[in-house]
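Close look at the chain arrangement
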Amino acid sequence: MSPALAAFLRPSPFALKFATKGVLAMALALYAAFFFDLDRPYWALISAAFLQTRPMSGMVVEKGICQVTGTFVGTCVAVVIMGCFAQVPELALGSVTLWIGLCIYGASLTHNNLSYGCVMAAVACMIIVVLTSSAPDDFFSVALARLSELSLGALCAVVVSALVWPIRVRDHLGQLADTAVNATFRYMALAFSMPLEADRAVNRDTDGQSQGQQRERMAMLEQMMTGLDALNNLEIDAHSARYEGPQGKGRIRGVHLLTRRSMRLYATLKALHQLRHPEFFVPSQSDDGETMAPTCELNQTQRQEAERFSQPTQDLMQRLGAAFQSMADNQGTAQARKTLKELRGECLRLSRGQRSITALEARLLFSLREVLGHALVILQAREVINHPGRHQLRQPSMSWHRDHGRAAIDALRAMAIFSATAIFWLATAWDNGAVAMLLGTLFSGIFVSRGDPAPIIPMVLKGLLLAVPSVLLFGNVMLSHAQHFVPFVIIFSIPLFLGLMGSVVPALAGIALPFVVFNILLVMPDNGMTFDVAYTLNRSLAAGIGLIVTIIGFRLIPVPGAGWDKRQLIRATASDIRELAERSTERLDSWFGGRMGDRLLRLARHEQTRSREQEARRSGENASGQPDDAQQQVLGMPLLTLGLTGMDIGRGIGFVRRELGNDVPRPVQHALRELIHALADDYQRCARGESPTRMRAAGDRLCEVIEQHRTMSRHKQALLAGWLTRVQLTLQSDALRQQPS
């Protein structure tokens, strides 16, 4: 049975509860709007419907607050606009266009429900100005009615969400935290358990080696994306926990700690894994499927370095893999902590017990201790999320990456869409032209948070096409026979219930939710409604025009793709790396880690989008059984790897600055500053597919100056040399990976 049929013929208990709660919230909002004799009760319905899309109590409260606040701000701006341009509709609409652009710009730069509040500020101002442009005397009554209707719908949604089958944000965050931690531990288990290329060549033939390598790549990619997706959802949803009691802020701090430490762990682990398995990150096949001669000297160099690791170190990493697999299989937290501390002590004993290890292996053992330390903190963060009262944290929030260029493009598109529909409305004097203006503004704002909304808007159009016959049947034929509120609500709720039930299925959500909204907009239940088929079709045509203009707007002014975001994120990361030379050492890690967290999540989302797109285009494996070129690029994760490399570079610089301290001789300061700027420049070069050229000389110069002035112990100097070697190899392989992509 297809998912579409199963959603309606065999709905899950959650789908039935979700649809029931949504219908109850909308019925309560409609009854209250009728009771208070509001002008347009359907706005209360729409308000309740939008708030029920995420039915968790804290999220409904937060979204309701943002909705009411945005509506109030939009109403105040409408007061100013109408006070200045009530007699000149053209200037009033021009002012509204500028306000919409400003709101969408703000929606692009903000996150969570704040973005929704910005959209509501634009929609409220537009509705009030358009509805009162022909009757300015009714302005204040219309403004008060809109604010009352939307606030009433929000209040009803909050009440139903809290009293009927309440779903708590804290439970949702706990499940996401478990998913993120378990996926991270499974990724670590796979990374440490993977045999070296030399062992693989001895134990497998060519075909078996290729197929095993393919399975290992896919398994690691799946676990990493699962963990990053859970972390992304945690950061988005965590802020709603503050509305579920005094422990909510503790959970939010736990989420921030979990995200930051997980990102640091992924960055360190990626560097270690890339050092041991260069073949995992650099494609070993050409476009025609033939094996290339060792992909330059880089693979051979890294392979030689990896084979120099002593046997005790390799045995330790195998033990780490088994331990993390056991922890991922729901080993108790107390036992997991004990195991991690024992392994961390063994890493320390191993690094001190071997006298002939290379600088690279010394750095490897140091990084292994870092990984185990991050894993301990991750376990603590999960405990804080589930039981915040047992722990006290002081963890600042993440610094969000703000792409002002993309925000300006989103604002320009929204202004163009509204201007086109407004000109059409002024030229035709069509009563229902305001519907086209409303939908253009609403959807151009709602979709700013999505990576590529162009494919979604046609699904909204399908929802409209399905809503038209539903409205003609239930809204015109059957509702005309309802003489009292109870039969009216029962008849009107049937399509709403079906739409909400289908929206639980991800494949149907893009059609089902618009179906619900259009059923409300086309029926427009109020005290003086008329059952006119021609009027319904007229409004349907206006809604279709608004959606078509929105589709054209997104086609003519498309959302910047992954290439744009990659350039912006790489440029911002390189700028932050340079700034590490000037920042104080006390808060270096928290400042850089907080800014990199959001960037890594964005790069992970782009990687998931690329994977889905290339999976759709993939025709299968070639005749030799090897994955095609598109699949190689997906498995390489070039965008995410760049972000992890940037995180690793920043953390390494923080380590060097902390070890040098504050009282550093001037020559050492100058050499360190030169190294930091060289790392930033080479990082940008490797993102363009060019090999690093500056950092080797700058690193050698820093090591020489440190040795001359004796500002660092011999052991720390060996760790620094090993880190520089590791970063050099990482940048070289990252540059290779960017060339085919």
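From a predicted model like this one, the values you see are computed outputs, not experimental measurements. (Residues numbered from 1 in each chain as written. Predicted model: local features only at pLDDT ≥ 70, side-chain atom pairs only at ≥ 80, totals over all residues. Heavy atoms only, no water.)

When helices and strands are counted, the chain shows 29 helices and zero strands. Split into buried and exposed, the 741 residues of the chain put 58% on the buried side. The long-range fraction of contacts in the chain, counting pairs at least 24 apart against all pairs at least 6 apart in sequence, stands at 81%. Carbon and sulfur atoms make up 57% of the accessible area of the chain, which amounts to about 30,300 Å² in all. (Helix = DSSP H or I, 4+ residues; strand = E, 2+ residues; numbered from the N terminus. Buried < 20%, exposed > 50% of the residue type's maximum accessible area, 1.4 Å probe, protein only. Contact = heavy atoms within 4.5 Å. Areas by Shrake-Rupley, 256 points an atom, 1.4 Å probe, with all protein chains shown as cover.)

With 109 residues, the main nonpolar core has Phe185, Phe192, Leu231, Leu258, Phe324, Leu368 and Tyr683 as its most contacted residues. A total of 14 residues in this core trace back to one element, the largest contributor, which is helix H16 (residues 359-386). Excluding residues that lie within four positions of it along the chain, Phe185 makes contacts with Phe324, Met327, Ala328, Ala375 and Leu379. Judged by nonpolar contacts, the second largest core, of 103 residues, contains Met26, Ala27, Phe34 and Met529. (Core = buried A, V, L, I, M, F, W, Y, C linked by side-chain atoms within 4.5 Å.)

Within the element layout of this structure, Arg253 appears in helix H11 (residues 248-276). Linking Arg253 and Pro388, residues 135 residues apart in sequence, is a C-alpha distance of 9.1 Å.

To continue, consider the side chain of Ser503. Take Ser503: it is sitting in helix H20 (residues 485-503). According to the relative accessible area criterion, Ser503 is buried, its value standing at 11%. When near neighbours in sequence (up to four residues on either side) are disregarded, Ser503 contacts Phe18, Ala509, Ala512 and Leu513.

Turning our attention to unusual backbone geometry. Note: most peptide bonds trans; most residues except glycine with negative phi. At Met524, a position not held by glycine, the phi torsion is positive, near 50°. We note that Arg710 has phi near 50°; this positive angle belongs to a residue other than glycine. You can see Arg710 is positioned in the loop between helix H28 (695-709) and helix H29 (714-738).

Moving on: the packing of helix H8 (residues 169-193) against helix H14 (residues 311-328). When two helices pack together, their arrangement is given by the angle between their axes and by how far apart the axes lie. At a closest axis distance of 7 Å, the pairing of H8 and H14 adopts a crossing angle of 155°. Comparing the axis directions of H8 and H14 gives the class roughly antiparallel. The two elements H8 and H14 cross, and the hand of that crossing is left-handed. The segment H8 lies against H14, with Asn182, Phe185, Arg186, Met188, Ala189, Phe192 and Ser193 engaging Met317, Gln318, Leu320, Gly321, Ala322, Phe324, Gln325, Met327 and Ala328. Considered class by class, the residues forming the contact of H8 with H14 number 10 nonpolar, five polar and one charged. (Axes fitted to C-alpha atoms, helices over the stretch in contact; angles between N-to-C directions. Parallel < 35°, antiparallel > 145°, perpendicular 65-115°, else oblique. Left-handed = near helix turned anticlockwise from the far one by under 90°. Nonpolar A, V, L, I, M, F, W, Y, C, P; charged D, E, K, R; others polar.)

Moving on, we get to the packing of aromatic side chains. Applying the stated criterion across every chain yields a total of 16 aromatic pairs. Ring geometry for Phe50 and Tyr116: centres 6.4 Å apart, planes at 45°, overall tilted. Within this pair, whereas Phe50 is found in helix H3 (residues 41-51), its partner Tyr116 is found in helix H6 (residues 112-132), the two being separated by 66 residues in sequence. Neither residue differs from the other here; Phe50 and Tyr116 are each classed as buried. (Phe/Tyr/Trp six-rings, centres within 6.5 Å; stacked < 30°, edge-to-face > 60°.)

This part covers the confidence of the model for the chain. Taken over all residues, the pLDDT of the chain has a mean of 80, while the share at 70 or more is 84%. Counting contacts from residues 198-206, a segment whose pLDDT is below 50, to residues more than four positions away or on other chains yields 13 contacts. Scored below 50 in pLDDT, residues 280-299 shows 38 contacts in the model against residues more than four places distant or in partner chains. (pLDDT = per-residue confidence, 0-100.)

For the rest of this paragraph, the subject is the environment of Asp37. Counting through the fold element by element, Asp37 comes out in the loop between helix H2 (13-35) and H3. A relative accessible area of 55% places Asp37 in the exposed class. Taking the C-alpha atoms as reference points, Asp37 and Asn527, 490 residues apart in sequence, are found 7.6 Å from one another.

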